[in-house]
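# Structure assessment
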2 protein chains.
Amino acid sequence: MPPFIELDMPEMHATPQQNHLLAALPADIQNRLLPKLELVQLPLGKVLYESGDTLRHVYFPIDSIVSLLYVMENGASAEISVVGNEGLIGVAVLMGGESTTSRAIVQSAGDAYRLPSRQFMEEVNRYGEMLHLMLRYTQALITQMAQTAVCNRHHSIDQQLCRWLLLSLDRLPTNDLVMTQELIANMLGVRREGVTEAAGKLHKAGVIEYSRGRIRVIDRPRLEQMSCECYAVVKKETDRLLPFAV
Amino acid sequence: MPPFIELDMPEMHATPQQNHLLAALPADIQNRLLPKLELVQLPLGKVLYESGDTLRHVYFPIDSIVSLLYVMENGASAEISVVGNEGLIGVAVLMGGESTTSRAIVQSAGDAYRLPSRQFMEEVNRYGEMLHLMLRYTQALITQMAQTAVCNRHHSIDQQLCRWLLLSLDRLPTNDLVMTQELIANMLGVRREGVTEAAGKLHKAGVIEYSRGRIRVIDRPRLEQMSCECYAVVKKETDRLLPFAV
DNA sequence: GTCGTTATGTTCGATAGCGCACAGATGGCG
DNA sequence: CGCCATCTGTGCGCTATCGAACATAACGAC
């Protein structure tokens, strides 16, 4: 029943500076990088890389959200972390590992700029601001992963859903998520029914409204209250490490 | 009933090269670093740093094991990762964050070499092999964290105990762990009774024997079979990233 | 408008892990 | 040798989550 409006921005074209990391780079580095950046559209569900793949590019999301997911032998999965316009996908390139054990999958469709790994590393290997910025982002990512582990251990599905919605919301321009409960369940590594139940409670509490693959947050303060501490911990640490990106 | 023998090695003195990362550095870097390294004894339970502390040193364990632990507001905890002679404690220094949201606590007493953060960064900032090695180790650590998150989500206490024992075993010179079930429970973020039960099963299966704060693994292959895939994933990826450290 | 597909809602029994309470065992120390 | 702190074992009721099966609802294509 919520009147979801499709906001297809008329000619809203992306710029690299909408990614906080790119925006934070000094002008000379931006000038070197910009011509090498390629704008790509990331449709929902697209796999940027699979476990073990050599990473050919790194991606700087603009209004897309990408989840890093581990998929187990039996097909069950769990989200490790989530990346939006505050970060980049492809930290393994920076670390020198070239591949990771996780999958990167688009959780919310949108644009991203991508850069071939080689050219990314060329800039990193000037050992300047690029390297240092990327390292700080890496620590923010590590914090998020650590907190995911904690959250998986100790918190209820209800709380985790709140955390997950907040993390997504922070990376989107609106309060509307295009996302089925089934997909959320995959990310959280729980049953779809568990998400249905948790979403039902949030709806009754007047925090969200939703319908067939869309969710709108209508009371964010309440959502933050209902979330476990994990969201706040990650947010605070990310703001500390990357203060410009607030 | 197991005849635990206290193996206090007579004059078994530590050398920096017993830490795999230090050993893997080229000779010139080793020569620069060695005089700055300080051998320290890490007693069980010692906190190397608390959440939010500025990291004054980085630590290279020799025969000690250190756990990175997140402690929640209500006092409950969860292990994020574990570090032994394959790695170092203080990745946040490398990343430029200076502090982390987790606590580093000694899980198994032993020696470590420590290096003031400033001197560590002086070497890192030569942008040579030191930096690249540390980054690769960081990726291994990230993999371990990610797998911890997955394991917390999907696996039973029994399986997690197996994983945990294997991770510890890999970092120790013997098959004996000095470790109460209570402490293991803290690390895994579960009840002590849960660990008692799981340990009982392993004992019945003839995989371990134990008594009052000590555990001996007597059938490691079986332990690996009984563990979830998480152990193998981390092991394999660590070996890939740091092949010398096998 | 109808139909078919996909998303969401609901129920039910099974179970893993929790919190609590207390019993027993072990080993260090006086 | 015996005491006592500490570590380990066990039982009980409770709850969250699971797995499975099925009911209803919403949208999209025709």
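In this text, all values refer to a predicted model and were calculated from it rather than measured experimentally.

Parameters and conventions
- Residues numbered from 1 in each chain as written.
- Chains lettered and ligands numbered in written order.
- Predicted model: local features only at pLDDT ≥ 70, side-chain atom pairs only at ≥ 80, totals over all residues.
- Heavy atoms only, no water.
- Contact = heavy atoms within 4.5 Å.
- Buried area = accessible area lost by both parts, 1.4 Å probe.
- Salt bridge = Lys/Arg side-chain N within 4 Å of Asp/Glu carboxyl O.
- Polar contact = N/O pair within 3.5 Å; in protein donor to acceptor, adjacent residues only side chain to side chain.
- Helix = DSSP H or I, 4+ residues; strand = E, 2+ residues; numbered from the N terminus.
- Nonpolar A, V, L, I, M, F, W, Y, C, P; charged D, E, K, R; others polar.
- Least-squares fit on C-alpha atoms with pLDDT ≥ 70 in both.
- Pairing = 2+ DSSP bridges.
- Axes fitted to C-alpha atoms, helices over the stretch in contact; angles between N-to-C directions.
- Expected span 1.5 Å × (residues − 1).
- Buried < 20%, exposed > 50% of the residue type's maximum accessible area, 1.4 Å probe, protein only.
- Near = heavy atom within 4 Å.
- Core = buried A, V, L, I, M, F, W, Y, C linked by side-chain atoms within 4.5 Å.

It is worth spelling out the interface of chain A and chain B at this point. Every contact between the two is made by 46 residues of chain A and, on the other side, 46 residues of chain B. Three residues stand out in chain A for area buried against chain B, namely Met95, Arg153 and Glu229 of chain A, and they jointly supply 17% of the buried area on that side. The interface formed by chain A and chain B includes zero salt bridges. Linking chain A to chain B there are 26 residue pairs in polar contact (both at pLDDT 80 or more). Taken together, the elements giving at least two residues each to the side of chain A that touches chain B come down to strand E5 (77-83), helix H3 (91-95), helix H5 (129-154) and helix H10 (229-241) of chain A. Considering each element in turn, the side of chain A that touches chain B owes the most residues, 17 residues, to H5 of chain A. Partitioning the side of chain A that touches chain B into residue classes produces 21 nonpolar, 18 polar and seven charged.

Overlay of chain A on chain B (RMSD 0.0 Å): rotation 180 degrees, translation along the axis 0.0 Å. The symmetry that links the two subunits is that of a two-fold axis. When each C-alpha of chain A is compared by its distance to the rotation axis, Ala149 of chain A comes out closest, at 1.9 Å. A symmetric contact is evident, with 100% of the interface residues of chain A recurring at the interface of chain B.

Residue and element names in this part refer to chain A. Taken together, the three strands give an open sheet; going across it, the order is E8-E10-E9, and neighbouring strands pair in antiparallel fashion. The sheet is open, and its two edges are formed by strand E8 (176-178) and strand E9 (208-211), each paired on a single side. Recorded for the sheet is a direction-independent mean angle of 15 degrees between the axes of neighbouring strands. As judged from the three bridges shared by E8 and strand E10 (residues 214-217), these two strands associate in the antiparallel manner. Its bridge partner lying in E10, Asp176 is registered against Arg216. Most of the contacts of helix H6 (residues 157-169) go to E8, to which it runs at about 100 degrees, and overall it touches E8, E9 and E10.

Peptide bonds are, in most cases, trans, and in most cases residues other than glycine have a negative phi. We note that Glu98 of chain A has phi near 70 degrees; this positive angle belongs to a residue other than glycine. Structurally, Glu98 of chain A is set in the loop between H3 and strand E6 (103-108).

Taking 1.5 Å per residue, 26 residues should reach 38 Å; H5 of chain A reaches 38 Å between its end C-alpha atoms and fits that length. Burial analysis of H5 of chain A places 22 of its 26 residues in the buried class, the great majority of the element.

In this section: the protein's contact with DNA strand C. Near DNA strand C there are 16 residues, and of these Arg192 and Arg212 of chain A together with Arg191, Ser211 and Arg212 of chain B occur at the shortest range. Here the atoms of DNA strand C within 4 Å of the protein split so that 56% fall in sugar or phosphate, with bases taking the remainder. Classifying every residue of the surface near DNA strand C by side-chain character gives four nonpolar, six polar and six charged.

Quick look at the nonpolar core now. Ranked by size, the top nonpolar core spans 114 residues in total, and within it Phe120 of chain A together with Phe120 of chain B carry the most contacts. Excluding its chain neighbours within four sequence positions, the residues that come into contact with Phe120 of chain B are Val58, Phe60, Leu88, Val93, Leu94, Leu115, Met130 and Met134 of chain B.

Turning our eyes to something else, we now look at the protein's contact with DNA strand D. Taken together, 16 residues surround DNA strand D, and among them Arg191 of chain A together with Arg192, Thr196, Arg212 and Gly213 of chain B come closest. The contact atoms of DNA strand D, taken as those within 4 Å of the protein, divide so that sugar and phosphate hold 57%. At 2.9 Å from a phosphate oxygen of DNA strand D is found a main-chain nitrogen or oxygen belonging to Gln181 of chain B. The element that contributes the greatest number of residues to the surface near DNA strand D is helix H8 (residues 192-204) of chain B, accounting for three residues. Split by residue class, the surface near DNA strand D holds four nonpolar, six polar and six charged.

Here the focus is the pattern of salt bridges. According to the stated counting rule, one finds 26 salt bridges over all chains in the structure shown. In this structure, Glu122 of chain B and Arg118 of chain B form a salt bridge, with 3.7 Å as the shortest nitrogen-oxygen distance. One end of the pair, Glu122 of chain B, and the other, Arg118 of chain B, are both in helix H4 (residues 117-124), four residues apart, so they sit about a helical turn from each other. Glu122 of chain B gets classed as partly exposed once you look at its relative accessible area, which sits at 42%. A single network of salt bridges, built from pairs that share partners, joins Arg32, Glu123 and Arg126 of chain A.

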